[in-house]
Amino acid sequence: MPYIREIEFARRIAIEAGENAKRIRAGGITAETKPDDSPVTVADRDNERLIRAAIEQEFPADGILGEEGSSKTGTSGRRWIIDPIDGTRDFVRGNRFWCVLIALEQDGEAQAGVARFPMLDETYWAVRGGGAHRNSDPIHASAVASFSEAVFCPNGLHTRKGHSWIQRVGELTTRVWSQRSYGGALDACMVAAGQSDIWFEPKLEVWDIAALQVIVEEAGAKWFALDGSRRMDAGNAVACAPALEAALRHFFGVS
């Protein structure tokens, strides 16, 4: 399997960062509001410092991009992409669905990704060409082939970009077997694990997407943006069981 050293490092540091965030939260936290109206806490910033320091020690030639401001060009042609706490709203409220996201990008594509859910004791991880896993077990997308059998996980409808999709998403919820929303990263990972079948998010940044995309695709699920591409910087995403891709592209008007 390629990137063995890198994925083992990412899994270890994601677990360490998750425990760090839990310790900080136990001491009490308050959230600030960033210019994009998303919350941030001292734990987000401390986790990013922890992860960045570990990367710079282990892979000093690699670039870094983090949600909380980390930016390093690097000289290797590779870049680590960090979301130190994905789901800060859940983190603040004491819900269990927040995670640490770490991905390694090379040649414009995420090659390895980790999503660590500390409160669930679950690590989803994948390497291009090496399959996707939850902890030590391989995971695979479902074989669901119709909306009437599908579990649909929409997210982000509270955002400005999400508002324009509310009616469309509402229509799809009337056609599926069930609708659930646990939080963007967990819902995407559940598509990878075959526990849900459709995930839609209308507003995403690169650090939200990078690790999840490789996990989803290595599990055999499909991933596309609303412009039809697989680009990490498209700003939105749909992930789904492979047999649903054509119907969903048609539903969302994506070629």
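Residues numbered from 1 in each chain as written. Predicted model: local features only at pLDDT ≥ 70, side-chain atom pairs only at ≥ 80, totals over all residues. Heavy atoms only, no water.

**A look at the pattern of salt bridges**
Okay, step 1: On inspection of all chains with the given rule, the structure shows 18 salt bridges.
Okay, step 2: Notably, a salt bridge pairs Arg 79 with Glu 105, separated by 2.7 Å at the nearest N-O pair. Placement of the pair is Arg 79 in strand β5 (residues 78-86) and Glu 105 in strand β6 (residues 99-106), with a sequence separation of 26 residues.
Okay, step 3: Accessibility expressed as a relative area gives 27% for Arg 79, which makes it partly exposed.
Okay, step 4: Residue class for Glu 105 comes out buried when judged on its relative accessible area of 12%.
Okay, step 5: Of the charged contacts in the structure, one is a salt bridge between Arg 128 and Glu 109, with a shortest N-O distance of 3.2 Å. Of this pair, Arg 128 sits in the loop between β8 (122-127) and β9 (131-134) while Glu 109 sits in strand β7 (residues 109-117), and the two are 19 residues apart along the sequence.
Okay, step 6: By relative accessible area, Glu 109 is classed as partly exposed at 23%.
Okay, step 7: Connected via shared salt-bridge partners are Glu 109, Arg 128, Glu 217 and Arg 230. (Salt bridge = Lys/Arg side-chain N within 4 Å of Asp/Glu carboxyl O. Helix = DSSP H or I, 4+ residues; strand = E, 2+ residues; numbered from the N terminus. Buried < 20%, exposed > 50% of the residue type's maximum accessible area, 1.4 Å probe, protein only.)

**Some words on unusual backbone geometry**
Okay, step 1: We note that Asp 37 has phi near 75°; this positive angle belongs to a residue other than glycine.
Okay, step 2: Locating Asp 37 in the fold gives a position in the loop between β1 (32-33) and β2 (39-40).
Okay, step 3: Although it is not a glycine, Asn 135 adopts a positive phi angle of roughly 55°.
Okay, step 4: Mapped onto the fold, Asn 135 is located in the loop between β9 and β10 (137-139).
Okay, step 5: For Asn 135, a relative accessible area of 30% gives the class partly exposed.

**Considering the packing of helix α6 (residues 184-192) against helix α7 (residues 206-218)**
Okay, step 1: At their nearest, the axes of α6 and α7 sit 8 Å apart, and the two run at 15° to each other. Taken as axis vectors, α6 and α7 run roughly parallel relative to one another. Note on packing geometry: the crossing formed by α6 with α7 is left-handed. For the pair α6 and α7, the contacting residues are Ala 185, Ala 188, Cys 189 and Ala 192 in the first and Leu 212, Ile 215 and Val 216 in the second.
Okay, step 2: In the contact of α6 with α7, the residues fall into seven nonpolar, no polar and no charged. (Axes fitted to C-alpha atoms, helices over the stretch in contact; angles between N-to-C directions. Parallel < 35°, antiparallel > 145°, perpendicular 65-115°, else oblique. Left-handed = near helix turned anticlockwise from the far one by under 90°. Contact = heavy atoms within 4.5 Å. Nonpolar A, V, L, I, M, F, W, Y, C, P; charged D, E, K, R; others polar.)

**Description of α7**
Okay, step 1: For α7, which comprises 13 residues, the first-to-last C-alpha distance of 18 Å matches the rise-based estimate of 18 Å (1.5 Å per residue) to within 8%.
Okay, step 2: Most pronounced at Leu 212, the bend in α7 amounts to some 30°.
Okay, step 3: Taken residue by residue, α7 has Val 206, Trp 207, Asp 208, Ile 209, Ala 210, Ala 211, Leu 212, Gln 213, Val 214, Ile 215, Val 216 and Glu 217 as its buried positions.
Okay, step 4: Taken from the residues just after α7, Gly 220 is the one with a positive phi, measuring 95°. (Expected span 1.5 Å × (residues − 1). Bend = angle between axes of the 7 residues up to and from the residue.)

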